Amino acid sequence: MHVLIPAAGSGSRMKAGRNKLLIELEGESLIFWTIKSVLSASLVSWVGIIGQPNDKQELLKSVKNFSNKIKWINGGDTRQKSVFNGLNSLPSTAEKVLIHDGARCLIGPDLINKCATELEQNDAVILATKVTDTIKIVDNRGYIKETPNRQNLWAAQTPQGFLVKRLRKAHEMAIEKNWTVTDDASLFEMLNWQVKIIEGNSANIKITSPLDLKIAKLFLKDF
Ligand code: CTP
Ligand code: MG
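Residues numbered from 1 in each chain as written. Chains lettered and ligands numbered in written order. Predicted model: local features only at pLDDT ≥ 70, side-chain atom pairs only at ≥ 80, totals over all residues. Heavy atoms only, no water.

**Quick notes on the packing of aromatic side chains**
(1) Moving on: Per the stated rule, a full pass over the model turns up 4 aromatic pairs.
(2) Moving on: For the ring pair F32 and W33, a centre distance of 5.4 Å and an interplane angle of 90 degrees mean the geometry is edge-to-face. The burial state of F32 is the same as that of W33; both residues are buried.
(3) Moving on: Consider the rings of F162 and F188, whose centres lie 5.0 Å apart with planes at 45 degrees: the pair is tilted. One end of the pair, F162, is in strand β10 (residues 154-163); the other, F188, is in helix α6 (residues 185-190), and 26 residues separate them in sequence. An identical accessibility class is assigned to F162 and F188; each is buried.
(4) Moving on: Joined through ring pairs, the aromatic side chains of F32, W33 and F66 make up one cluster.
(5) Moving on: Just above the ring of W193 sits the side chain of R166; from NZ or CZ to the centre is 4.4 Å. (Phe/Tyr/Trp six-rings, centres within 6.5 Å; stacked < 30°, edge-to-face > 60°. Buried < 20%, exposed > 50% of the residue type's maximum accessible area, 1.4 Å probe, protein only. Helix = DSSP H or I, 4+ residues; strand = E, 2+ residues; numbered from the N terminus. Lys NZ or Arg CZ within 6 Å of the ring centre and 35° of its normal.)

Have a look at this one:
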């Protein structure tokens, strides 16, 4: 299985003054932990990391001896563009691909393998968890408009897996139609293409804010 790791963000919500993936947790960079997990999944055979050229040296240095097992790909100014660059840098033999955010360092190899296995029967799969909070849809004046039924609500995570040809087509359509999305499954939905949900776990958070760093440290102690 081929895996692409978007790592070309700036981490603005983390307010660390640099790419949050370079922040140290338990003695290693955040991206080190992500790459370590991905490379230890038995079904993974190829890994590409998508980063900003300015971060290249530091990111590759921080993943230490894994750097010779991963391919470097230049990212774009949005996640969507970064993933598209990644798709265009896959070896031509790649039929399926998992996209996994560099910022989700608490993923375990088992869930990565589960996504890879489910992708055998489906064109598109994503890891997600059932929402436990009651979700409100709010207007831009700060007043509640609606409360959707929680039974049908899932929080999307990564990995998200796809047939490469289909995902490339979806990204090309998005460019043509000016669609902007924050995950790849959204493009499939907009095209009415089916996406299968795989139940993951709520430990697989996207490290976004300083509080998430504290949570990640607690989990990484057990790794
Ligand atoms: N990402 C990317 N290219 C971009 C923007 C984001 O590859 N132009 C990556 C990030 O590095 C991250 C993943 O997409 O691993 C999810 O994005 P997010 O958590 O939003 O990270 P940032 O964009 O870095 O953070 P922020 O939105 O707070 O600036
Ligand atoms: Mg972002």
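**Structural notes on the site of ligand 1**
(1) Moving on: Among the 19 residues in the neighbourhood of ligand 1, the closest are listed as G11, S12, R13, K20 and S82.
(2) Moving on: The contact in question runs from an oxygen atom of ligand 1 to an N or O atom on the backbone of G11, over 2.8 Å.
(3) Moving on: Between ligand 1 and the protein, one listed contact pairs an oxygen atom with a side-chain N or O atom of K20 at 2.8 Å.
(4) Moving on: Taking 570 Å² as the accessible area of ligand 1 by itself, protein coverage stands at 89%.
(5) Moving on: When the residues that make up the shell around ligand 1 are grouped by side-chain class, the tally is 5 nonpolar, 8 polar and 6 charged. (Near = heavy atom within 4 Å. Polar contact = N/O pair within 3.5 Å; in protein donor to acceptor, adjacent residues only side chain to side chain. Areas by Shrake-Rupley, 256 points an atom, 1.4 Å probe, with all protein chains shown as cover. Nonpolar A, V, L, I, M, F, W, Y, C, P; charged D, E, K, R; others polar.)

**Let's talk about the nonpolar core**
(1) Moving on: Core analysis: the biggest nonpolar cluster contains 41 residues, and L25, I31, I35 and L98 have the highest contact counts within it.
(2) Moving on: Tallying contributions element by element places helix α1 (residues 30-40) first for this core, with 6 residues.
(3) Moving on: Setting aside its immediate chain neighbours within four residues, L98 contacts M1, H2, V3, L4, I112, C115, A116, L119, P159, Q160 and G161.
(4) Moving on: Core analysis: the second largest hydrophobic core is formed by 22 residues, W46, V97, A124 and A170 among them. (Core = buried A, V, L, I, M, F, W, Y, C linked by side-chain atoms within 4.5 Å. Contact = heavy atoms within 4.5 Å.)

**Considering helix α3 (residues 79-87)**
(1) Moving on: Q80, S82, V83, F84, G86 and L87 are the residues of α3 that are buried.
(2) Moving on: Of the surrounding elements, those touching the buried residues of α3 are β1 (2-6), β4 (46-51), β5 (70-74), β6 (96-99) and α5 (164-177).

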